[in-house]
Amino acid sequence: MTHESIVKVISIETEEFFCYTVFSRLGQVGIYDGHLNLLREYVIQLSQCPDDLVRATRRRRNIWINDAIYLPDAQFITIAASDGSIHFVDTVCLVHVPTFCITGLKTTPTCLEYCPGSSSLLFIGDDNGSIARMEFLQPKRSLFKRDPTNKVDTYLWKD
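Since the structure is predicted, the reported quantities are computational estimates derived from the model, not experimental observations. (Residues numbered from 1 in each chain as written. Predicted model: local features only at pLDDT ≥ 70, side-chain atom pairs only at ≥ 80, totals over all residues. Heavy atoms only, no water.)

With that out of the way, let us pick up the overall build of the protein chain. Scanning the protein chain from N- to C-terminus turns up one helix and 12 strands. Its helices and strands in sequence order give the protein chain the pattern β-β-β-β-α-β-β-β-β-β-β-β-β, from N to C terminus. Out of the 159 residues in the protein chain, the part that is buried amounts to 44%. Long-range pairs, those at least 24 residues apart, make up 39% of the contacts in the protein chain with a sequence separation of at least 6. When the accessible surface of the protein chain is summed, it comes to about 8900 Å², and 51% of that surface belongs to carbon and sulfur atoms. (Helix = DSSP H or I, 4+ residues; strand = E, 2+ residues; numbered from the N terminus. Buried < 20%, exposed > 50% of the residue type's maximum accessible area, 1.4 Å probe, protein only. Contact = heavy atoms within 4.5 Å. Areas by Shrake-Rupley, 256 points an atom, 1.4 Å probe, with all protein chains shown as cover.)

Pasting the structure below:
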C-alpha cells in the first residue's frame, strides 16, 4: 500500500482462512496473512454512484473512509464513507467483492458496531451524535435482496 493514513485494521477469521484487512483513509485496501505478508490489494470505489466511473475518479479525493467493521455471520465488511454512504463488501474468499451500497443518509456515518445473533444488528453513529440501527433477520443467507447481476446493488436510505 502507498503511504496513506490507516483508519482501520480488521481481522477476518473463517474455517478456511485468517487474514487482516487494512483500510486507508482514501480507500486503499490491503489483505495480509497472519504474519503481515501482503496477499492482495485493491482500491474500494468510494462513490454514491458505483457505475459512474468518471465522477467517481474525479470525486475520490473528496470522499474518505470513516470506519469499517466485519460482520462475521454474514461474511461481509461494512464501510462508512464521508459522503453519507455505507458499502457492503463480500469477503467469502480473499477476493473482496463490493455487493451493496446504501446512499442518501442525511448525515455522515462516522462509526459502526455490529452485534451478531439470531437477528443481527448494525449500529451506525453519525456526525450529529445520533445512532441508527439496521436489523438483519437472516444475515447468514443474505443481508439484502440481491439482484441477479454482477453490479453493486444500490439502496436509498429513507427515514
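Having seen it, we continue.
Before going further, it helps to spend a moment on the pairing of strand β11 (residues 131–136). Two elements, strand β10 (residues 120–126) and β11, share six bridges in a ladder whose sense is antiparallel. By the bridge assignment, Ser120 is partnered in β11 with Phe136. The turn joining β10 and β11, which pair antiparallel and follow one another in sequence, is formed by four residues; a positive phi near 85° is taken by Gly129. (Pairing = 2+ DSSP bridges.)

Another aspect to go through is the pattern of salt bridges. This structure, assessed with the given rule, holds one salt bridge. Between Lys8 and Asp67 there is a salt bridge; the shortest N-O distance is 3.4 Å. Linking Lys8 in strand β1 (residues 6–13) with Asp67 in strand β5 (residues 65–71), this pair joins segments that are 59 residues apart in sequence. Looking at Asp67, the relative accessible area reads 8%, which means it is buried. (Salt bridge = Lys/Arg side-chain N within 4 Å of Asp/Glu carboxyl O.)

Within the open sheet, the five strands sit side by side as β5-β6-β7-β8-β12. Their pairing is mixed. Strands at the two margins of the open sheet, each flanked by one partner only, are β5 and β12 (153–156). Taking each pair of neighbouring strands and ignoring which way they run, the sheet shows an average axis angle of 20°. Inspection of the sheet shows strand β8 (residues 97–103) paired to β12 by four bridges, in the parallel sense. When the sheet's bridge partners are listed, Phe100 is paired in β12 with Asp153. (Axes fitted to C-alpha atoms, helices over the stretch in contact; angles between N-to-C directions.)

Honestly, that's just the spatial picture; any functional story needs more than this.
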